[in-house]
Amino acid sequence: MQSELQAENQALREQLQALLQEARRNEDKMRRFERLEHQLIAAESLQALLSLLLQAYAQAFAIDRVSLVLVDSEREISRLLQANAGSREHLNETLPGLQLLPSALQLQALYGPHSKPVLGRFDAATHAALLGGEAASAGLGSVALLPLARHGQLIGGLHFGSVDPQRYDPATGTQLLERLSLIVAVCLESAINQERLKLTGLTDVLTGVHNRRYFEHRCLIEIAQARRYRHPLACLFFDLDHFKSINDQHGHPVGDEVLRGVGHLVQGQLRAGDTIARYGGEEFVLLLPQTAEPFAREIAERIRASLAQQRFVAAGGSSGQSQVLSVTASIGLAMLNNDNAGIDAAVLASELISDADQALYRAKQGGRNRVELARRPG
């Protein structure tokens, strides 16, 4: 009898010890979760927030694979991130595990109408694409898929993968994961709005293209990327020919309409990753990363020709009637100096812009409506 009681007491003590250990683990998990929650809320930028989600969370909770999928139908998130991160290649390096989708259809099919976290065994056919592809997701045993929604709209998904098939059991409670989904969605919305505000201060109000302040910031980023990866970097500086006569003859409102049309036309001819900015008055400047001199000249000639052929319709003016106008542009082209070891990026940026400006001046002197290449010693 006594031995039975001792055995029963021992069993109770073991159960109590197991419960205490589980409680300590849960308490530690909550502390780690709260620390991460505070970090997410305090993130200073969208890129910092994404880095926390993709890297800090995996480290804090020993997760084998983390991916974040965001719906980016207008490519706004891509533009916001590239404005600070540089090229798409550099963005992929700094934010591995981030995917941008053109629509929410794939995520809607995954989560269903209720948009609740999905836990279960890893299925390559269903989950591999969401977790970085077959190579990145190889060996995973279970997944936790967290929908991110705001104002009734699915904006993305945060996905965890573990090599342990039992870690994300469908029978496990999802209260903590649902709380995480809500916090991440709110933080994402806030961070994107903050980036929009930042970008507003870097946009030319009249034309809608970037302003000089943004260009100077972007130029330093592109120079750093060109030096790191040994890529060519081209700069185009162009000025509208005889633009003062448009303002004098037709009025400044018509001139403003022409400037808006020029900005829109040129922006529509650029590639993703290229930059256009209004530098001042009727001057515009472009950065063409990963563009060798012959191709940069082709782009410059294409822009020059398209401007010369375009007819701009401007309402109003001094006559009160719509005006059909044409303009031409003189363009200066400069390439980043390859012999730039040890030279400060700000100095290189100043030289690049100055070279393009001098080439523009020669285009003006040579008859206008032409492209001139910068001349450098050697």
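Residues numbered from 1 in each chain as written. Predicted model: local features only at pLDDT ≥ 70, side-chain atom pairs only at ≥ 80, totals over all residues. Heavy atoms only, no water.

### Observations regarding the sheet that holds strand β6 (residues 233–240)
Right, so step 1: Here five strands make up an open sheet; going across it, the order is β7-β8-β6-β11-β12 and the pairing mixed. Sheet topology places β7 (275–280) and β12 (371–373) at the edges, where each strand pairs with a single neighbour. Across this sheet, the average inter-strand angle for adjacent strands is 20°, counted without regard to direction.
Right, so step 2: Each of β6, β7, β8 (283–289), β11 (329–335) and β12 touches helix α13 (residues 345–365); the most contacted strand, β11, lies at about 145° to it. (Pairing = 2+ DSSP bridges. Helix = DSSP H or I, 4+ residues; strand = E, 2+ residues; numbered from the N terminus. Axes fitted to C-alpha atoms, helices over the stretch in contact; angles between N-to-C directions. Contact = heavy atoms within 4.5 Å.)

### Topic: helix α10 (residues 243–250)
Right, so step 1: Of the positions making up α10, those classed as buried are F243, I246, N247 and H250. The buried residues of α10 occupy an angular sector of 100° when projected down its axis, which confines them to one face. Exposed side of α10, more than 90 degrees from the buried face: K244, D248 and Q249 are the residues found there.
Right, so step 2: The inward-facing, buried residues of α10 contact β6, α11 (252–267) and β10 (323–325).
Right, so step 3: G251 sits one or two residues past α10 and shows a positive phi near 100°. (Buried < 20%, exposed > 50% of the residue type's maximum accessible area, 1.4 Å probe, protein only. Arc of directions from axis to C-beta.)

### With respect to the sheet that holds strand β4 (residues 142–150)
Right, so step 1: Here five strands make up an open sheet; going across it, the order is β2-β1-β5-β4-β3 and the pairing mixed. The strands lining the two open edges of the sheet, one partner per strand, are β2 (98–101) and β3 (118–121). Taken over all neighbouring pairs, the strand axes of this sheet differ in orientation by 20° on average, direction set aside.
Right, so step 2: Packed on one face of the sheet, helix α8 (residues 175–200) meets β1 (65–71), β3, β4 and β5 (153–162) and runs near 45° to β4.

### Focus: the packing of helix α9 (residues 212–229) against α13
Right, so step 1: As a packed pair, α9 and α13 sit with axes 9 Å apart at the nearest point and diverge in direction by 110°. Overall, the two elements α9 and α13 adopt an arrangement that is roughly perpendicular. Contacts between α9 and α13 involve F215, C219, L220, I223 and R227 from the first element and A345, A346, L348, A349, L352 and I353 from the second. (Parallel < 35°, antiparallel > 145°, perpendicular 65-115°, else oblique.)

### Considering the pattern of salt bridges
Right, so step 1: Scanning all chains against the criterion turns up 15 salt bridges.
Right, so step 2: One salt bridge connects E189 with R150, and the closest N-O pair in it is separated by 2.9 Å. You can see E189 sitting in helix α8 and its partner R150 sitting in strand β4, a full 39 residues away along the chain.
Right, so step 3: E189 sits in the partly exposed class, given a relative accessible area of 24%.
Right, so step 4: Its salt-bridge partner being K198, residue E195 comes within 3.4 Å of it at the nearest N-O pair. A residue pair is termed a helical-turn pair when its members lie 3 or 4 positions apart in one helix, as E195 and K198 do in helix α8 at three residues.
Right, so step 5: When its relative accessible area of 5% is taken as the criterion, E195 is described as buried. (Salt bridge = Lys/Arg side-chain N within 4 Å of Asp/Glu carboxyl O.)

### Digging into the environment of G132
Right, so step 1: One can find G132 in the loop between α6 (124–127) and α7 (134–137).
Right, so step 2: Apart from the residues lying within four places of it in its own chain, the contact partners of G132 are R65 and Q99.

### Topic: the nonpolar core
Right, so step 1: Ranked by size, the top nonpolar core spans 38 residues in total, and within it L40, L50, L68, L158 and F160 carry the most contacts.
Right, so step 2: Every element with two or more residues in this core is listed here: α1 (2–42), α2 (46–61), β1, α3 (76–85), β4, β5 and α8.
Right, so step 3: Contacts of F160, omitting those with residues within four sequence positions, involve Y57, I63, R65, V66, L131, S142, V143, A144, L146, Y168, L177 and L180.
Right, so step 4: In this structure, L240, I246, V262 and L270 belong to the second largest nonpolar core, which totals 33 residues. (Core = buried A, V, L, I, M, F, W, Y, C linked by side-chain atoms within 4.5 Å.)

### A short note on α2
Right, so step 1: The terminal C-alpha atoms of α2 lie 22 Å apart, and with 16 residues this matches the ideal 22 Å at 1.5 Å per residue to within 8%.
Right, so step 2: Turning to α2, its buried residues are L46, Q47, L49, L50, L52, L53, L54, A56, Y57, A58 and F61. (Expected span 1.5 Å × (residues − 1).)

### What about the packing of aromatic side chains?
Right, so step 1: Per the stated rule, a full pass over the model turns up five aromatic pairs.
Right, so step 2: Consider the rings of Y57 and F160, whose centres lie 4.8 Å apart with planes at 10°: the pair is stacked. Linking Y57 in helix α2 with F160 in strand β5, this pair joins segments that are 103 residues apart in sequence.
Right, so step 3: Look at F160 and you get buried, because its relative accessible area is 1%.
Right, so step 4: On the basis of an interplanar angle of 75° and a centroid distance of 5.0 Å, the ring pair of F237 and Y279 is categorised as edge-to-face. Linking F237 in strand β6 with Y279 in strand β7, this pair joins segments that are 42 residues apart in sequence. Each of the two residues, F237 as well as Y279, counts as buried.
Right, so step 5: An aromatic cluster of three or more residues is present, and its members are Y57, F61 and F160. (Phe/Tyr/Trp six-rings, centres within 6.5 Å; stacked < 30°, edge-to-face > 60°.)

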